[in-house]
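Architecture and fold: a report
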Amino acid sequence: MNIAVIGATRGIGLELVRAALEEGHEVTALVRSPARMPMSHPRLHVVPGDAQDPDAVAKVVLGQDVVCDCLGTKNVFTKTTLFSQSAANLAKALKAEQLLIVVTGIGTGDSRGHGGLLYDRLMLPLVLRRIYADKERQERIIMSQVARWIIVRPGILTHGPRTGRYRALTELRGIRGGTISRADVADFILSQAKTPTFLGKTPLLIY
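Residues numbered from 1 in each chain as written. Predicted model: local features only at pLDDT ≥ 70, side-chain atom pairs only at ≥ 80, totals over all residues. Heavy atoms only, no water.

Looking only at helices and strands, the protein has six helices and 10 strands in total. Its C-alpha atoms give the protein a radius of gyration of 16 Å, within 12% of the compact-globule value 17 Å for 207 residues. Across its three principal directions, the C-alpha atoms of the protein cover 45 × 35 × 35 Å. Burial status across the protein gives 52% buried among its 207 residues. (Helix = DSSP H or I, 4+ residues; strand = E, 2+ residues; numbered from the N terminus. Rg over C-alpha atoms; globule rule 2.2 N^0.38 Å. Buried < 20%, exposed > 50% of the residue type's maximum accessible area, 1.4 Å probe, protein only.)

Taken as a whole and assessed by the stated rule, the structure comprises seven salt bridges. The partner of Glu23 in a salt bridge is Lys194, and the shortest N-O contact between them spans 3.1 Å. Within this pair, whereas Glu23 is found in the loop between helix H1 (11–22) and strand S2 (26–31), its partner Lys194 is found in helix H6 (residues 182–194), the two being separated by 171 residues in sequence. Overall, Lys194 belongs to the partly exposed group, its relative accessible area being 41%. For the salt bridge of Asp134 with Arg137, the shortest nitrogen-to-oxygen distance reads 3.0 Å. Taken together, the positions of Asp134 and Arg137, both in helix H5 (residues 129–145) and three residues apart, correspond to about one turn of that helix. (Salt bridge = Lys/Arg side-chain N within 4 Å of Asp/Glu carboxyl O.)

A word on the sheet that holds strand S8 (residues 167–169). Taking strand neighbours across the sheet as the criterion, the eight strands line up as S3-S2-S1-S4-S5-S6-S10-S8 in an open arrangement whose pairing is mixed. Strands at the two margins of the open sheet, each flanked by one partner only, are strand S3 (44–48) and S8. Strand-to-strand twist across the sheet, computed as the mean angle between neighbouring axes with direction ignored, equals 20°. Alignment of S2 against S3, held across five bridges, turns out to be parallel. In the sheet register, Thr28 faces S3, and the bridge partner there is His45. With respect to the sheet, H1 is in contact with strand S1 (2–6), S2, S3, strand S4 (66–69), strand S5 (99–103) and strand S6 (148–154), its orientation differing from that of S1 by roughly 165°. (Pairing = 2+ DSSP bridges. Axes fitted to C-alpha atoms, helices over the stretch in contact; angles between N-to-C directions. Contact = heavy atoms within 4.5 Å.)

So, about the pairing of S4. Taking every second residue as pointing to the same face, both faces of S4 are buried, with Val66 and Cys68 on one and Val67 and Asp69 on the other. Pairing of S1 with S4, which is carried by four bridges, proceeds in the parallel orientation. Looking across to S4, one finds that Ala4 is bridged to Val67. Both S4 and S5 contribute to a ladder of four bridges, which runs parallel. Bridge pairing in S5 links Val67 to Leu100. Following the chain from S4 across helix H3 (residues 82–93) to the adjacent parallel S5, one finds a crossover that is right-handed. (Right-handed = clockwise from strand over helix to strand, strands pointing away.)

Here it is as structure tokens:
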């Protein structure tokens, strides 16, 4: 397949690039600075650009079977529109047959309140509040304006290995927190790129 990855230089995005290349796919990565891409490969095509730039997003989306938005930010102190602006740009650029897989996180939509006491009472309202306000906007744009989508909501992220053993939950009754490695989130994204069994759904990923 032809797979585009936005947010490819680290974290889940980088793990996804590695996994997709291992399986023989063609990967196009949108990165703000190509020098920050920590790997090279004959089937890896690095496109310089910003996810908040509609022209850059339109360029990277062209000809792709699946587009994966794995954007993240370390900016927890100021208001951000990174996620919602990227979603708006993707909504305009994607064709109806293209699949969009987006990573948001536990704490958006109906996963709010399922992160565990420390996360729900401290981390989310005090530290991650601005990021998750924009992730909520991001999800609303995707659900209302994109034809084929899957929104992936990982639990607390770790640097653990790819195991392939995790739960993808849409029924959250009784769920209170949980972790998952970035490599396993990438594993799930790649599996859904090939066989999108969670189309139009918002699975929570935890062990």
